[in-house]
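# Overview (structure and organization)
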Amino acid sequence: MRTPPLFMIDCTDGEQLGKLSVSLNEVADWLNFLATPHYRATIISAEQASDSVTIYFHGSEGLYLYLERLFTESLFPMAS
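Residue numbering note: each chain is counted from 1, following its sequence as written. With the structure being a predicted model, the display of local features is reserved for residues of pLDDT at least 70 and the display and counting of side-chain atom pairs for 80 or more, all residues being used for whole-chain, interface and lining totals. Only hydrogens and water are set aside when side-chain values are computed; all heavy atoms of the structure are taken into account.

This part covers the overall build of the protein. Starting at the N terminus, helices and strands are each numbered in turn, a helix being any DSSP run of H or I of at least four residues and a strand any DSSP run of E of at least two. When its secondary structure is counted, the protein shows two helices and four strands. Listed N to C, the secondary structure of the protein is β-β-α-β-β-α in terms of helices and strands. Among the 80 residues that make up the protein, the fraction classed as buried is 31%. Counting contacts in the protein only where the partners sit at least 6 residues apart, residues at least 24 apart contribute 50% of the total. Summing over all exposed atoms, the protein offers an accessible surface of approximately 5,600 Å²; the carbon and sulfur share of this is 56%. Only protein chains enter the area calculation, which uses a 1.4 Å probe; residues under 20% of their type maximum are buried, those over 50% are exposed, and those in between are partly exposed. Throughout, a residue-residue contact means that at least one pair of heavy atoms, one from each residue, lies within 4.5 Å. Accessible surface is estimated by sampling points in the Shrake-Rupley manner with a 1.4 Å probe; for residues, cover comes only from the protein chains shown.

Structural data, given as structure tokens:
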């Protein structure tokens, strides 16, 4: 079973960091996405678990908002 990505904003020492947990087979795609010139996120660290990787990054407010909306809408799709 595929684990869906999970995004949250983590506040450490007054600094906001994005925290993105993704399955192992999606790590490269998400790193490429975050590092594109359009988003320019700075990867701070990554932690590997048995079936996922959690990426900590510093990004713009716009990037954080985009990811929050992306994952909120995918969890709760609007009824048509």
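Along helix H1 (residues 27–35), the residues that are buried comprise Val-27, Trp-30, Phe-33 and Leu-34. End-on view of H1: buried residues confined to an arc of 130 degrees, all on one side of the axis. Of the exposed residues in H1, the ones pointing more than 90 degrees away from its buried face are Asp-29, Asn-32 and Ala-35. This arc is taken over the directions from the axis of the helix to the C-beta atoms.

For two strands to be treated as a pair, DSSP must find no fewer than two bridges joining them. Both strand E1 (residues 6–12) and strand E2 (residues 15–23) contribute to a ladder of seven bridges, which runs antiparallel. In the strand pairing of E2, Leu-6 is matched with Ser-21. Taking the residues that link successive antiparallel strands as the turn, the E1-E2 hairpin has two residues, and the phi of Asp-13 there is positive, at about 50 degrees.

Right, let's get into the nonpolar core. One broad trend across soluble globular proteins is that nonpolar side chains are buried collectively. Buried residues of nine kinds, namely Ala, Val, Leu, Ile, Met, Phe, Trp, Tyr and Cys, make up a nonpolar core once their side-chain atoms join them within 4.5 Å. Ranked by internal contacts, the top residues of the largest apolar core, which has 15 residues, are Leu-20, Trp-30, Leu-34, Phe-57 and Leu-67. At the level of elements, E2, H1, strand E4 (52–58) and helix H2 (61–75) are the ones that each hand at least two residues to this core.

A word on the pairing of E2. Here six bridges tie E2 to E4, and the two strands are oriented antiparallel to one another. In the sheet register, Ser-21 faces E4, and the bridge partner there is Thr-54.

Here the focus is the packing of aromatic side chains. Only Phe, Tyr and Trp rings take part, Trp by its six-membered ring, and two of them pair if their centres are within 6.5 Å. Stacked means planes under 30 degrees apart, edge-to-face means over 60, and tilted covers everything else. Overall, the coordinates contain eight aromatic pairs when judged by the stated rule. Residues Trp-30 and Phe-71 carry aromatic rings whose centres are separated by 5.7 Å and whose planes lie at 45 degrees to one another, so their mutual orientation is tilted. Highlighted residues: Trp-30 in helix H1 and Phe-71 in helix H2, separated in sequence by 41 residues. This pair shows no difference in class: Trp-30 is buried, exactly as Phe-71 is. Seen in terms of ring centroids, Tyr-39 and Tyr-66 are 6.1 Å apart; in terms of plane orientation they differ by 25 degrees. Their pairing is stacked. Of this pair, Tyr-39 sits in the loop between H1 and strand E3 (42–48) while Tyr-66 sits in helix H2; the two residues are 27 residues apart in sequence, bridging distant segments of the chain. Here a set of aromatic residues connected by ring pairs shows up, and it is made of Trp-30, Phe-33, Tyr-39, Tyr-66 and Phe-71.

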